[in-house]
Amino acid sequence: MKKEQNPAPKGKSGKRTFRWAWLWIYGGMLLYLVLSPLLTGSGGVTEITWQQFAVKILSRKAAAKLQVINKERVEVYIKKSFATDTAFKPAFSRADGGPQYMFTIGSIEGFERNLDEAEKNIPMNDRVPVSYTEESSWWRGILGWILTFAIIYFVMGFLLRRFPGEGGKSVFSFGRSNATLIEKEHSTVTFADVAGLEEAKAEVLEIVDFLKKPDTFTRLGAKIPKGVILIGPPGTGKTLLAKAVAGEAQVPFFSISGSAFVEMFVGVGASRVRDLFQQAKEKVPCIIFIDEIDAIGRTRGRGAFLNSGNDERESTLNQLLTEMDGFGTNTGVIVLAATNRADMLDTALVRPGRFDRHIYLELPNRSERAAIFSVHMQGLKLDKTIDVALLAAETPGFSGADIANICNEAALIAARRKATAIVKSDFSEAIDRVVAGLEKKSKIISAEEKRVIAYHEAGHAVVSWLLPGVDALVKVSIVPRGKSLGAAWYLPEEKQLRNESAFRDHLCATLAGRAAEELVFGEVSSGALDDLEKVTQEAYTMVVYYGFDKKIGPVSYYDSTGQRETAIQKPYSDATGELIDKQIRALVADAYSAAKALLAENRGALEKLAECLLKQEVIEKDQLEDILGKRPALEAGKVQLTTVKQELYEPATEPSANI
Ligand code: ADP
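Since the model is a prediction, treat every value here as computed from it, not as a measurement. (Residues numbered from 1 in each chain as written. Predicted model: local features only at pLDDT ≥ 70, side-chain atom pairs only at ≥ 80, totals over all residues. Heavy atoms only, no water.)

The biggest cluster of nonpolar side chains holds 49 residues, and the ones touching the most others in it are Val-463, Leu-473, Ile-580, Leu-599, Leu-609 and Leu-624. Sequence-distant contacts of Leu-609, defined by excluding residues within four places in its chain, comprise Ala-458, Ala-461, Val-462, Ile-619, Leu-624, Ile-627 and Leu-628. (Core = buried A, V, L, I, M, F, W, Y, C linked by side-chain atoms within 4.5 Å. Buried < 20%, exposed > 50% of the residue type's maximum accessible area, 1.4 Å probe, protein only. Contact = heavy atoms within 4.5 Å.)

With respect to spatial proximity, 16 residues lie near the ligand, and among them Ala-195, Gly-235, Lys-238, Thr-239 and His-376 are the closest. The backbone of Ala-401 places a nitrogen or oxygen atom 3.3 Å from an oxygen atom of the ligand. Broken down by secondary-structure element, the contributors of at least two residues to the shell around the ligand are α8 (238-249), α12 (366-377) and α14 (400-416). Residues of the shell around the ligand, tallied by class, amount to 8 nonpolar, 6 polar and 2 charged. If you count residues domain by domain, the shell around the ligand takes at least three from each of domain 3 (180-360) and domain 4 (366-436). (Near = heavy atom within 4 Å. Polar contact = N/O pair within 3.5 Å; in protein donor to acceptor, adjacent residues only side chain to side chain. Helix = DSSP H or I, 4+ residues; strand = E, 2+ residues; numbered from the N terminus. Nonpolar A, V, L, I, M, F, W, Y, C, P; charged D, E, K, R; others polar. Domains from an automatic or database assignment.)

The next thing to look at is the pairing of strand β7 (residues 227-231). Counting buried positions over the 5 residues of β7 gives 5, a clear majority of the element. Residues Gly-227, Ile-229 and Ile-231 point to one face of β7 and Val-228 and Leu-230 to the other, with burial holding for every one of them. The pairing of β7 with strand β10 (residues 333-339) spans 5 bridges and is parallel. In the strand pairing of β10, Gly-227 is matched with Val-335. Pairing of β7 with strand β11 (residues 357-360), which is carried by 4 bridges, proceeds in the parallel orientation. Along β11, the bridge assignment pairs Ile-229 with His-358. (Pairing = 2+ DSSP bridges.)

Once that is clear, we can look at helix α20 (residues 603-616). Here α20 is 14 residues long and its end C-alpha atoms lie 20 Å apart, about the 20 Å a rise of 1.5 Å per residue gives. The complete set of buried residues in α20 reads Leu-606, Leu-609, Ala-610, Cys-612 and Leu-613. Buried positions in α20, seen along its axis, are confined to an arc of 165° and lie on one side of it. Counted as exposed and oriented over 90 degrees from the buried face of α20: Gly-604, Lys-608 and Lys-615. Contacts from the buried residues of α20 go to α16 (447-466), β12 (472-477), α17 (500-521), α19 (574-601), β14 (618-620) and α21 (621-628). Positive backbone phi, at 70°, marks Glu-617, one or two positions downstream of α20. (Expected span 1.5 Å × (residues − 1). Arc of directions from axis to C-beta.)

We now examine the sheet that holds strand β13 (residues 487-491). One open sheet accounts for 3 strands, arranged β13-β12-β14; its pairing is antiparallel. Pairing within the sheet leaves two strands with one partner each, and these edge strands are β13 and β14. Neighbour-to-neighbour, the strand axes of this sheet turn through a mean angle of 20°, independent of strand direction. When β12 meets β13, the two strands line up antiparallel, connected through 5 bridges. Pairing of Ala-472 across the sheet is with Leu-491, part of β13. (Axes fitted to C-alpha atoms, helices over the stretch in contact; angles between N-to-C directions.)

With that settled, the discussion passes to the sheet that holds strand β4 (residues 101-104). Judged by pairing direction, the sheet is mixed, and its 5 strands sit side by side in the order β1-β4-β3-β2-β5 without closing on themselves. Looking at the sheet topology across the chains shown, the edges are occupied by β1 (46-47) and β5 (130-133). Of the strand pairs in this sheet, strand β2 (residues 63-69) and β5 are connected by 4 bridges, and their pairing is parallel. Residue pairing for β5: Gln-67 is matched across the bridge by Ser-131.

What follows is about the pairing of β12. Relative to β14, β12 runs antiparallel, the two being bridged by 3 bridges. Counterpart to Lys-475 in the pairing with β14 is Glu-620.

This part takes up the environment of Leu-197. Positionally, Leu-197 belongs in the loop between β6 (180-182) and α6 (198-212). Under the relative-accessibility criterion, Leu-197 is labelled buried at 10%. Remark: the alpha-carbon pair of Leu-197 and Tyr-360, spanning 163 residues in sequence, is separated by 9.3 Å. Excluding residues that lie within four positions of it along the chain, Leu-197 makes contacts with Thr-236, Leu-361, Glu-362 and Glu-368.

Moving on, we get to the pattern of salt bridges. Tallied over the entire structure, the rule returns 19 salt bridges. Linking Arg-73 and Glu-75 is a salt bridge whose minimum nitrogen-to-oxygen distance equals 3.5 Å. By relative accessible area, Glu-75 is classed as buried at 8%. (Salt bridge = Lys/Arg side-chain N within 4 Å of Asp/Glu carboxyl O.)

What follows concerns the packing of α14 against helix α15 (residues 424-436). Put simply, α14 and α15 touch, their axes get as near as 8 Å, and they point 125° apart. As judged from the angle between their axes, α14 and α15 are oblique. Crossing hand, α14 versus α15: right-handed. On α15, the residues touching Asp-402, Asn-405, Ile-406, Cys-407, Glu-409, Ala-410, Ile-413, Ala-414 and Arg-416 of α14 are Asp-426, Phe-427, Glu-429, Ala-430, Ile-431, Arg-433 and Val-434. Here the residues of the contact of α14 with α15 are counted per class, giving 9 nonpolar, 1 polar and 6 charged. (Parallel < 35°, antiparallel > 145°, perpendicular 65-115°, else oblique. Left-handed = near helix turned anticlockwise from the far one by under 90°.)

Aromatic ring pairs are reported here in terms of the distance separating the ring centres and the angle at which the planes meet. Using the criterion set out here, one finds 18 aromatic pairs in the structure. Measuring from centroid to centroid gives 5.7 Å for Phe-82 and Phe-88, while their planes differ by 85°, and the two rings are edge-to-face. Since its relative accessible area comes to 16%, Phe-82 is described here as buried. Judged by relative accessible area, which is 2%, Phe-88 ranks as buried. Relative to Phe-521, the ring of Tyr-455 lies with its centre 5.6 Å away and its plane at 85°, an arrangement referred to as edge-to-face. Remark: Phe-521 occurs in helix α17 and Tyr-455 occurs in helix α16; sequence separation between them is 66 residues. (Phe/Tyr/Trp six-rings, centres within 6.5 Å; stacked < 30°, edge-to-face > 60°.)

The structure is reproduced here in structure tokens:
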């Protein structure tokens, strides 16, 4: 919210004087409290010890009376007849009316015991009279309280001013929603900025129409959906689409992330939801956008025994449901939410009347990628040779956000070259950078290590060149980038299905780096960690999810609902678990020996490629063909069923190896 927090700079100096006055008052009170015991009470009285009292006063029978004050100090009054005595003269001159002396005591009992002991030979009648008084210092008590509160007030005020919370709000306003509001004048995103996503755009168009002209719908008694969920992988333009809806409809847009509701304080989430809807109702018609709604909307009760902190999330979710039920259908507040895990959402959240519209956004296909490139190239100074269609072909599996990032990186690279326009190589460099991270030419690598890396990468390249189930290899490099020391780039085909042999080929190619090391150097290095991790993961999915293993059979333990805590509740018996482990190991071992056999057969090509890599560091596709010959005909049984839905495997766009 952009509410004015601290208006009116005028009167600032007046405020400051006021604060200084307070400071003086506090200081004064403190000083008074510290000094008052010195000024009052024992003022002018000579302080002595019990022993001095016993020897000098009591034994000479000089004491007229003793007065015990507040059970903590004793005031001694000297007989008038001793006023001229040299020992008592100074005390009399200071306090004529008495008391002349005082001493402190540990306890009444101790004092009385000592006095009895000292006067044991004196008859009762001649003993020094002792009286007890309580001196009430009520004003000091009150002052103490006032001062305590004043100090607390002062310190709190100081803290609040010194440490404001997020967005300039005080740290103590945690119950307030921290959604950012984009006013309608400022929402500049339109559908023209969203490339591709035609179906999704068509669906949200209805919402735009409703926000613009609600009567067209309400006249006929139609009910407009209150909530719409945008589902898709990260970077596919969910936020962008929501903003475009607000921009097209010219309505204010509240944006908040689901995780912002879940704080460490109990009850904060629910109160933030309430506050958000309150704010939204003041700006009707408007759009509320909740990103990462799975942070609060996850199925209730899931993993409850693992994490008792779920209560807070549940109460936040309940509040959200209550708010959504609470506002009428046609009030003009529309809630858009985004997630990449729709299967995890609580069914109560997605039932009719709440988030009943689901819009799927998928990774862009080739023509959509070309359109996204075009949108993001609008502001850039491009060389004429740039071919958008080619760039789109080179970036399968990239999301809209990746493409936006590539365009920006290319411009930065060209700027660093001090060029007048962005050329093709800037884009290639940008793609590499987005995929594998920044080149690290400064990384110190010994000649020996470089040989290992070269053979490792050459191993990947040779095996993937020979196996039909692996995506086309486009580049091999031993230039360190990001965390990896070398990489092989592939161009994945946009397929919806992969068959078992393609999986096996992929396992084999991924293990080929380590196989090459063993074959050539007789020893393996630590560089294959990333490969091994991928292989293990892939073999696991083959056996446990896709039912590829003969012994386990066509069963899948995949949990699409996300309800199961696999760490604790295994859906299979221990015996099956052991068999799964055995089959995974066998699968990986087979792939590894196949890779080694292939490399041994093609050792000449392996060495040629590795030596070439050592010389050049990067080898592109054409040169690969020169060294390895034409890629063998790819006959593996590829199934082309483009209608089958996603999620079967992740397109392998990342470099295949750690080295
Ligand atoms: P999500 O919310 O799905 O994670 P965003 O909407 O935040 O992704 O997208 C991030 C950025 O990616 C956007 O700001 C935009 O620049 C770019 N982008 C994503 N999809 C598209 C698209 N379809 N057209 C144009 N740009 C896109």
